[in-house]
Amino acid sequence: MEIKILGPGCPKCRQTEKVVKEAVAECGVAADVEKVTDVMKIAGYGVFGTPAVVVDGEVKSVGKIPRKEDVKSWLNKQGGCNG
Amino acid sequence: MAETCCSGGNGVMILACSGCSNTGQLSNQAAVELTREGFGKMFCLAGIGGKLPGFVQSVKDAPIVVVIDGCPMGCAKAILEDIHVPLKHCLVITDEGIEKNKNLQLERSDIDRVKAAVKRIADKKEPSAAPETKGVSGCGCTEC
């Protein structure tokens, strides 16, 4: 599973990364979590703001820090979360 | 497009029909000027109409979405309805007393009227276009 955190690196972006990594760890799934800070690459996803989260190429959240349970539900839909 | 972290000021997403009439172009010009002035941020309605995933998710997660249609055809409104986004802040420019024509020539006074109307409807104290705002929205960071 491939998860991308889109954002140049402000505290909200870092908090989003933390939430996502915690969710991945608690789900016990194998996932690559990558930060995307390049503005042009972020623009390529067509998002209105950051932070944004992309799971296996699908934009899941834009402009806010997602809740951990929401991240887990995304992982579950991708067949990756046990809890 | 996310040009900078937490950009967009007050979290207002502005969607203009940008149609091929004076009122359609008024919607576009008002959106451009409001963005430049820091009142919200214009976003690409074509991307939403094309159902590009990043655009669709962006409008669903936006705290406040203001839709500007030039005329009662309501093309912008129809695009949002098509992706099941509740509409809370909609403006139809012809309802402001500006007559639609095809000359594409914009009057300064009309642009200012539309901008004032957008600010008026955006300030309506209603829930956002997103049915529920999960997580934390708005910019609280100190580094942007």
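Residues numbered from 1 in each chain as written. Chains lettered and ligands numbered in written order. Predicted model: local features only at pLDDT ≥ 70, side-chain atom pairs only at ≥ 80, totals over all residues. Heavy atoms only, no water.

Enquirer: How should the overall build of chain A be read in this particular structure?
Expert: Check the secondary structure of chain A and you find three helices and five strands. Scaling as 2.2 N^0.38, a compact globule of 83 residues should have a C-alpha radius of gyration of about 12 Å, and chain A matches this with 12 Å. Overall, chain A is about 35 × 25 × 15 Å in size when its C-alpha atoms are taken along their principal axes. Residues counted as buried form 52% of the 83 residues belonging to chain A. Relative to all contacts within chain A whose residues are 6 or more apart in sequence, the contacts with residues 24 or more apart total 65%. On chain A, the mean spot of the 13 positive side-chain charges and the mean spot of the 11 negative ones are 5 Å from each other. (Helix = DSSP H or I, 4+ residues; strand = E, 2+ residues; numbered from the N terminus. Rg over C-alpha atoms; globule rule 2.2 N^0.38 Å. Buried < 20%, exposed > 50% of the residue type's maximum accessible area, 1.4 Å probe, protein only. Contact = heavy atoms within 4.5 Å. Lys, Arg positive; Asp, Glu negative; His and termini not counted. Charge placed at Lys NZ, Arg CZ, Asp CG, Glu CD.)

Enquirer: Help me out: how do you make sense of helix H1 (residues 22-36) of chain B in this one?
Expert: An α-helical turn contains 3.6 residues, so any two residues separated by three or four positions project in the same direction. Residue and element names in this part refer to chain B. Compared with the 21 Å implied by 1.5 Å per residue over 15 residues, the 21 Å span of H1 between its first and last C-alpha is a close match. Those residues of H1 that sit buried are Asn22, Thr23, Gly24, Leu26, Ser27, Ala30, Ala31, Glu33 and Leu34. Just downstream of H1, Gly38 is the residue with a positive phi angle, here 90°. (Expected span 1.5 Å × (residues − 1).)

Enquirer: Honestly, unusual backbone geometry in this entry has me stumped. Any pointers?
Expert: In most cases, non-glycine residues show a negative phi, while peptide bonds are predominantly trans. Going from Thr50 of chain A to Pro51 of chain A, the amide bond is cis rather than trans, its omega being 0°. Here Pro51 of chain A lies in the loop between helix H2 (39-43) and strand S3 (52-55). Even without being glycine, His84 of chain B reaches a positive phi, approximately 65°. Even without a glycine there, the phi angle at Leu104 of chain B is positive, about 60°. Counting through the fold element by element, Leu104 of chain B comes out in the loop between strand S4 (89-92) and helix H5 (108-122).

Enquirer: What should I look at first to understand the sheet that holds strand S4 (residues 58-62) of chain A in this one?
Expert: Strand pairing in a sheet is mediated by backbone hydrogen bonds. Such pairs are either parallel or antiparallel. All names here are of chain A. The strand order across the open sheet formed by four strands is S2-S1-S3-S4, and the pairing between neighbours is mixed. Either end of the sheet is taken by a strand with one partner, and the two such strands are strand S2 (32-36) and S4. Shown here is a sheet whose adjacent strand axes are inclined to one another by a mean of 20°, direction ignored. Strand direction decides the pairing type here: strand S1 (residues 2-6) and S2, joined by five bridges, are parallel. In the sheet register, Ile3 faces S2, and the bridge partner there is Val33. Along the sheet face, helix H1 (residues 11-27) touches S1, S2 and S3 and points at about 160° away from the line of S1. (Pairing = 2+ DSSP bridges. Axes fitted to C-alpha atoms, helices over the stretch in contact; angles between N-to-C directions.)

Enquirer: Could you clarify how one ought to interpret the pairing of S4 of chain B in this entry?
Expert: The side chains of a regular strand alternate between the sheet's two faces. All names here are of chain B. The alternating pattern of S4 places His89 and Leu91 on a buried face, while none of Cys90 and Val92, on the opposite face, is buried. Inspection of the sheet shows strand S3 (residues 64-69) paired to S4 by four bridges, in the parallel sense. When the sheet's bridge partners are listed, Asp69 is paired in S4 with Val92. At this point the chain moves from S3, through helix H4 (residues 75-82), to the parallel S4, and the crossover so formed is right-handed. (Right-handed = clockwise from strand over helix to strand, strands pointing away.)

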